[in-house]
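# Structure at a glance
So you can see what is in the structure, the chains are spelled out below.
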Amino acid sequence: MDAIVSAVIDGAKIMFKFTWSRIKTLSKCGKNILELREQFGNLMDKKLLIEEDITLAKMEGKTPKPQVIEWLMKVSQAEDVVRPLLEMPNKMMLRYRKCWRLSKKLDLVKELNSIHFETVATERSSPINSVVEIAVSPLVGQGAASNMKRLLEILNKDDNRRIAVWGEGGIGKTALIMNLNNELCISSTNSFDLVIWVQVSRSSDLSTIQSQIAKRIHLKVEAGDTTNSIASRILQRLRLRRKILLILDDVWEKIDLDAVGIPSREPFCKILLTTRSRDVCRHMAVDFSFQVNLMSEEDSWNLFAESVGAVVHSDGIESLARKMAASCHGLPLAIKTLGNSMRDVSQVELWENACLRWQSSSPLFNNINQEVYQHLALSYHSLPSKDLKQCFLYCSLYPESVSINVGELIQCWVSDGLIIGNQTVEQTFNYGIALVERLKNLGLLDHDAAVGTVKLHGIVRELAIRLSKSEELFGFQSQCNSPSYQMPNKSSKRVSLVRCGITKLPVFPLYSLLTVLFLQDNPIKDIPNEFFHNLKYLRVLNLSKTQITSLPSSLLCLSELRSLFLRDCSIEKLPSLKSLGKLLVLDLSRTQIKALPEGLGSLHSLRELDLSCTHFLERIIAGSISGLSSLETLNMSCSAFSWNPKMGHAAAQRATFEELSSLDHLSALQIRLDTVECLAHASCWLMKLKRFDIQISPWTQDPNYHIAKDNEKRLGLRGVNLLQEDFKDFLHNINSLDVLTCVGLTRRHLLSLSSLISLTISNCNDISCLISKERSSKEMFPNLKHLVLDHLQSLETIVEGIIRRGVCLRKLTTIQVLDCPMLKVAVSYAMLRHVKSLEEVKVSGCKNMSCIIYSGEHQETVPNLRVLEMNNMANLRSICDGTSVCPALQRIEVSSCPELKELPLSISNICSLKEIKGEIKWWNNLRWDDDDAKNMFLQYFQVCPGENYSCMKGKYK
């Protein structure tokens, strides 16, 4: 009986436990249902936001990160499972097995929700096939598309090793080849591992072509190198490639490819050239000549309509527009230029006037390009004022294919009265930039590769020269590169004799009306004393890059002179400038001037004075600088003049630094000072300047010097004892600081420089760390973007000790470490916690460094790191030691690091990686997980022989 009772009790207990467990499970399941609905809703909202961010990123030309794409895939998989579960009635979901599945799905959704991304996309990488994309408008019309397709077929045939694209000027040869270049950039079937673009012109010589190729393949060319030696080195470098395409644009005559250094006889090298001449095709022995024909009527209209804009389809305009488009006879350059001149013009009357001009214009030119010039001239005639027309014609005074410095061009416009100069230098410059952009938009000026420069298309320059002849009132006469120049006629006002080989200057006639005279780049040694007597109206005189050593006293006759350019002359002395009271610009940069002339202080109108790189300048008379009451820009960078003279009678007669403080209009200053003494009482007025670059240095020349840009406030300290100087208040207002060969840096309050953007520390041997926990404050270098640490013998670490995240170096994007022997790690874990914006790491010559990025057991992501460069480190064994992740790597460059056997690469880097550079021996000794991984990354590898590497000494700008 007792056994039965006991069994009943035990059974009841088991039933109670089971029932209670079921009740608890159902209760928990109910809570899980509510939490899952909430978490799933949050996940869907997050997914929607990220998908929107990706859409916007793609519109901006960015590529989604692989980890973001992977996350979205996981979210979609979870959605496929969770959504049906949540759509079930609650009664079904409360089943025991459903509750267990519900708990699992809740954990999954929570995990996906816990993942966060700082950014969803990175900038689109240029292609892995080493093709540089070129900015060019896409081709318009079926004919252009057919040309592109046909040209690609020709290019892909092995027998066609030399191909010429030829046709008349302005027919679209360059646009076609530029688009082909860009097609190779994105094509998955492109077989070329290097495409080199060389811009040739009528005046190009062998060295010009070689310099472009050398720059493209990163081959350093010294000033004394001969063309033969450069050709040999180019040939050696190119032979390391698998397959090369050399594009030569705008060839005017036969080019000796062997003399250039092109392996044109090798099967792996192809040549593609454009030319206006069929004879060039023959002389270059091309295998296939591809002629570009005029556009069809339909394609011409489509291109014209695209250039004009939507207004072309308005009532009363389309018929006029079609007539104008047809008048271009299918010539793309004329169509685009004419169309741009009428862009967004909505008044029918203006269209009728334009057609009338076209119909009534008499033939200006009698050669094969007559139609081009006629219709390009219409764009010129559409300019709204005579002054703007003259601004355009002014550009023809510069030689063909020469980069025109926009700043100098605007100075000339102002000096010649084409721009009203009653505003500040900065305001006038901005207005000049607006005019330059206006001319660009009309196709009358071209963009140039160099910053701050423009170019004239060869045809457009020819148009300007021919228009100058018809516009006699403006008096432009350009004879650049002419070995047999002619004297200006009576109506000449602006004359250019640049590069005419002039050794002896002629005497201009008494009737001369010249306001502008360009004589730069001529081997002129002497100027006759009477030369300037008959040039009393001269406003702009350019004698740059001549061999003159002095100017005659007749210079005083030039009472109307506004701009005097003597840049890169051998000039040693100047006569008195007292009578040049209207002078606005004086450029004496890179001259051998020893003393500034008397009467300089009388130039009360002078606004810009350039004395940069005057390595022989020793004397400036007291009062000369303070007398320049209108001066706004003074550049004395790398000048030998000492503003801290020794005491004595001679010192009393010299200009002093205090004179600068009396210049009420000064806004930009570049200067070198011997000591810090001058800054002690000058910090207040220096802070009022919009831009300055002050170098405290006992040395005149500095090969690494670069001028401050935009509104940068830069200070360089060289050989300064920071323990003895106190200019902390001044330091707080600078945004770029170079500290070179200084002592006492450890006691300076660098960490409080909240405005600092760029910092360079070099040869300061008493610094062991840059940031330490003991010296830490709330924010340390909060705005610093660029950091260079060079030859620091005692530097052991950059960041010492664990500091709270996000309070130091949070904006750092580039770091360069050179020759720091005690440093074992470039980016330690303590530093890695903060530098999430880091994009470039360059390390060289750190002989004891074993690792670049160290995180130890901690997993840290460097989400934006794109570039890694390592050079000359015998003990370097790893790039990333620990579990650091670099998902955005684009380029890795390694030289003379024999112990580095592994790269921080995985399948996740495929989307971003562009290239891996290094020696062949180093590449062959790398360790890989398997052969498939090695073969996968082999396509990114480019050979860079160790002997051709130059030291990484360049500074960030």
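No experiment lies behind these values; they were computed from the predicted model shown. (Residues numbered from 1 in each chain as written. Predicted model: local features only at pLDDT ≥ 70, side-chain atom pairs only at ≥ 80, totals over all residues. Heavy atoms only, no water.)

## Details of the pairing of strand β5 (residues 244-251)
Filter applied, for reference: Exposure is judged per residue with a 1.4 Å probe applied to protein chains only, and the accessible area is read against the type maximum: over 50% gives exposed, under 20% gives buried, and values in between give partly exposed. Helical segments are the DSSP runs of H or I of at least four residues, strand segments are the runs of E of at least two, and each set is numbered from the N terminus. When DSSP finds at least two bridges between two strands, those strands are taken to pair.
Among the 8 residues in β5, 8 count as buried, and that is most of the element. In terms of strand pairing, strand β4 (residues 194-199) meets β5 through 6 bridges, oriented parallel. By the bridge assignment for β5, V195 is matched with L245. For β5 and strand β6 (residues 269-275), the ladder comprises 6 bridges, and the chain directions are parallel. In the sheet register, I247 faces β6, and the bridge partner there is L272.

## As for the confidence of the model for the protein chain
The condition that has to hold: Residue-level confidence of the predictor is summarised by pLDDT, bounded by 0 at the bottom and 100 at the top. For this analysis, residues touch if any pair of their heavy atoms sits within 4.5 Å.
A residue-level look at the protein chain finds 85% of positions with pLDDT of 70 or above and a mean pLDDT of 81. Contacts from residues 946-957, a stretch scored under 50 in pLDDT, to residues over four places away or in other chains number 42 contacts.

## Considering the nonpolar core
Spelled out, the test is: Here, nonpolar core refers to any group of buried Ala, Val, Leu, Ile, Met, Phe, Trp, Tyr and Cys residues whose side-chain atoms link them within 4.5 Å.
Judged by nonpolar contacts, the single largest core of 141 residues is most densely connected at I852, M870 and I916. Setting aside residues up to four positions removed in sequence, M870 forms contacts with V843, I852, L876, I879, I892, E893, V894, S895, C897 and L900. With 47 residues, the next largest nonpolar core counts I134, I163, L176 and V311 among its residues.

## Regarding the packing of aromatic side chains
The criterion, for reference: Note on ring pairs: Phe, Tyr and Trp rings are taken, using the six-membered ring of Trp, and paired if centres are within 6.5 Å. Classes follow the plane angle, with under 30 degrees stacked, over 60 edge-to-face and the rest tilted. Whether a charge sits over a ring comes down to the Lys NZ or Arg CZ being within 6 Å of the ring centre and within 35 degrees of the ring normal.
Taken as a whole and judged by the stated rule, the model has 14 aromatic pairs. Relative to F476, the ring of Y394 lies with its centre 6.0 Å away and its plane at 75°, an arrangement referred to as edge-to-face. Placement of Y394 in helix α16 (residues 386-394) and of F476 in strand β11 (residues 476-478) is noted, with a sequence separation of 82 residues between them. Accessibility expressed as a relative area gives 0% for Y394, which makes it buried. F476 gets classed as buried once you look at its relative accessible area, which sits at 7%. One aromatic cluster is present, formed by W923, W928, F937, Y940 and F941 through successive ring pairs. Stacked on the ring of F192, the Lys or Arg K243 has its end atom at 5.1 Å from the ring centre. Here the guanidinium or amino end of R322 rests over the ring plane of W301, the centre of that ring lying 4.1 Å away.

## Concerning the packing of helix α7 (residues 206-216) against helix α8 (residues 227-238)
How two helices sit against one another is set out by the angle between their axes and by the gap between those axes. Short version of the rule: Each axis is a line fitted through C-alpha atoms, and for a helix only the stretch in contact is used; angles between axes span 0 to 180 degrees, taken between their N-to-C directions. Here a crossing is taken to be left-handed if its near helix is turned anticlockwise relative to the far helix by less than a right angle, and right-handed if that turn runs clockwise. When residues are sorted by character, Ala, Val, Leu, Ile, Met, Phe, Trp, Tyr, Cys and Pro go into the nonpolar class, Asp, Glu, Lys and Arg into the charged class, and all the rest, Gly among them, into the polar class.
Running from N to C, α7 and α8 cross one another at 35°; their axes reach a closest spacing of 11 Å. Viewed along their axes, α7 and α8 form a crossing whose handedness is left-handed. Contacts from L206, S207, Q210 and I213 in α7 reach T227, I230, A231 and I234 in α8. Along the lines of polarity and charge, the residues of the contact of α7 with α8 split into 5 nonpolar, 3 polar and no charged.

## Comments concerning the pattern of salt bridges
Quick reminder of the rule: Basic side-chain nitrogens of Lys or Arg form a salt bridge, by our definition, when they fall within 4 Å of a carboxyl oxygen of Asp or Glu.
Applying the stated criterion across every chain yields a total of 29 salt bridges. In this structure, K842 and E840 form a salt bridge, with 3.8 Å as the shortest nitrogen-oxygen distance. Residue K842 is classed as buried on the basis of its relative accessible area, which comes to 18%. Connected via shared salt-bridge partners are E839, E840, K842, R866, E869, R891, E893 and E915.

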